[in-house]
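Fold and contact review
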Amino acid sequence: MTRFNTKSILVTGGSSGIGLAAAQAFASEGARVVITGRGQAALDDAARQIGPGTIALRHDAADVAGARALAATLVQQGITLDAVFINAGMARFAALPDVDEALWDATFGTNVKGAYFQIQALLPVLNRGASIVLNGSINAHIGMPNSSVYAASKAALISLAKTLSAELLPRGVRVNVLSPGPVATPLYGKLGLDTATLEATAAQIQSQIPLGRFGTPAEIASTVLHLSSPESAFIVGTEIIVDGGMSQL
């Protein structure tokens, strides 16, 4: 398919997992892809996997000044965007008594403040008809123990999809949320859990998925592309859940 020929796409957190899969899928359909991430080595490796013409920019998703600098770089390079996948985020799980202010601030700083001000900074480079897809999570819906801070940050993104869609419609820009269920990505190794707890948690989660398995990054990426393409032009301010039925059945 060539849905994204001549289109330019930004994927934040595009050096691994769902972000990398989405960037690869966009590129396979003809897009010029810009990815961001915090580690230059990982970015360079991802750019090689995505293909020629990929632009890899080092950027911390929680850095508001960096969000403005990223937008300025796009302006300098003459790049305007047809779609943005706000994918960069962090997940740290902790029981309520163990949550401290630093965990709260880091989570909301990356997942909410970073996303909000990145969209704000990108407004001058969004083409009319552009699509913004926010990476949410079914944790905003299911009340999983130890996920209170992470889940609250993702719930905020669901709200932003509605309010920002209403505000940006005069510009012809749509905002939607994709909320994955459990997906096999490196993020699961960054939850702040020891190996035994991580394995037990993964097994418990898998037992709750009606399909009996974790999703794949490529499966999530296919929905990102749908929401980013003209074929979804009548989908506005909406959350699409891709979770193997975990929160639905």
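Residues numbered from 1 in each chain as written. Predicted model: local features only at pLDDT ≥ 70, side-chain atom pairs only at ≥ 80, totals over all residues. Heavy atoms only, no water.

Here we look at empty space enclosed by the protein
Within this structure, the stated rule accounts for two cavities of 30 Å³ or more. The computed volume of the largest cavity comes to approximately 60 Å³. Lining the largest cavity are Thr-12, His-59, Ala-61, Ile-86, Ala-88, Thr-110, Gly-114, Ala-115 and Gln-118. Tallying contributions element by element places helix H4 (residues 101–122) first for the lining of the largest cavity, with four residues. Class assignment for the residues of the lining of the largest cavity results in four nonpolar, five polar and no charged. Looking at the second largest cavity, its volume works out to about 40 Å³. (1 Å grid on protein atoms, 1.4 Å probe; cavity = no way out; pocket = protein on both sides within 12 Å on 5 of 7 lines; lining within 4 Å. Points joined across faces, edges and corners; volume = space filled by probe spheres on them. Helix = DSSP H or I, 4+ residues; strand = E, 2+ residues; numbered from the N terminus. Nonpolar A, V, L, I, M, F, W, Y, C, P; charged D, E, K, R; others polar.)

Observations concerning the UniProt feature "domain: Ketoreductase" (unreviewed entry) in the protein chain
The UniProt feature table records "domain: Ketoreductase" (unreviewed entry) at residues 7–181. In residues 7–181, the share of helix is 47% and the share of strand is 21%. The end C-alpha atoms are 29 Å apart. (UniProt positions renumbered as here; feature names shortened; annotations may be inferred.)

With respect to a negative patch on the surface
Where like charges cluster on the molecular surface, the negative patch consists of Asp-98, Asp-100, Glu-101 and Asp-105. Tracing the chain through its elements places Asp-105 in helix H4. Since its relative accessible area comes to 43%, Asp-105 is described here as partly exposed. (Patch = residues over 30% accessible without salt bridge, like charges linked within 9 Å, V, L, I, M, F, W, Y side chains within 5 Å. Areas by Shrake-Rupley, 256 points an atom, 1.4 Å probe, with all protein chains shown as cover. Salt bridge = Lys/Arg side-chain N within 4 Å of Asp/Glu carboxyl O. Lys, Arg positive; Asp, Glu negative; His and termini not counted. Charge placed at Lys NZ, Arg CZ, Asp CG, Glu CD. Buried < 20%, exposed > 50% of the residue type's maximum accessible area, 1.4 Å probe, protein only.)

Concerning H4
The terminal C-alpha atoms of H4 lie 29 Å apart, and with 22 residues this matches the ideal 32 Å at 1.5 Å per residue to within 8%. At Gly-109, H4 shows its largest bend, some 45°. (Expected span 1.5 Å × (residues − 1). Bend = angle between axes of the 7 residues up to and from the residue.)

A look at the side chain of Ser-147
For Ser-147, the position within the fold is in the loop between helix H5 (139–142) and helix H6 (148–168). Residue contacts for Ser-147: discarding those within four places in its chain leaves Phe-93 and Asn-139. (Contact = heavy atoms within 4.5 Å.)

Looking at the environment of Val-236
If you trace the backbone, Val-236 turns up in the loop between helix H8 (217–228) and strand S7 (239–242). Residues Val-236 and Leu-169 lie 67 residues apart in sequence; the distance between their C-alpha atoms is 9.0 Å.

What about the side chain of Arg-174?
Here Arg-174 shows up in strand S6 (residues 174–180). Although Arg-174 is buried, it forms no salt bridge, and the closest oppositely charged side chain is Glu-231 at an N-O distance of 9.2 Å. One polar contact links the side chain of Arg-174 to the main-chain carbonyl oxygen of Leu-227, over a distance of 3.1 Å. A polar atom in the side chain of Arg-174 sits 3.4 Å from the backbone oxygen of Ser-229. (Polar contact = N/O pair within 3.5 Å; in protein donor to acceptor, adjacent residues only side chain to side chain.)

Quick word on the nonpolar core
One recurring pattern in soluble globular proteins: nonpolar side chains tend to sit buried together. Membership of the largest hydrophobic core comes to 30 residues, with the highest contact counts inside it found for Leu-81, Val-84, Leu-122, Ile-132 and Leu-134. It is H6 that contributes the most residues to this core, six residues altogether. (Core = buried A, V, L, I, M, F, W, Y, C linked by side-chain atoms within 4.5 Å.)

Details of the layout of surface pockets
Its boundaries defined by the atoms lining it, the second largest pocket holds a volume of some 240 Å³. Lining the second largest pocket are 14 residues, and of these Met-144, Pro-145, Asn-146, Thr-201 and Gln-204 sit closest to its centre. Counting residues per element, the lining of the second largest pocket draws most heavily on helix H7 (residues 195–207), which supplies four residues. A per-class count over the lining of the second largest pocket returns eight nonpolar, six polar and no charged.

What about the packing of aromatic side chains?
Counted by the stated rule, this structure contains four aromatic pairs. Considering the side-chain rings of Phe-93 and Tyr-150, the 5.7 Å spacing of their centres and the 45° angle between planes classify their relative orientation as tilted. With Phe-93 in the loop between strand S4 (81–86) and H4 and Tyr-150 in helix H6, this pair connects stretches of sequence that are 57 residues apart. Neither Phe-93 nor Tyr-150 differs from the other in exposure class; each is buried. For the ring pair Tyr-116 and Phe-117, a centre distance of 5.3 Å and an interplane angle of 75° mean the geometry is edge-to-face. Classification of Tyr-116 as partly exposed rests on a relative accessible area of 35%. (Phe/Tyr/Trp six-rings, centres within 6.5 Å; stacked < 30°, edge-to-face > 60°.)

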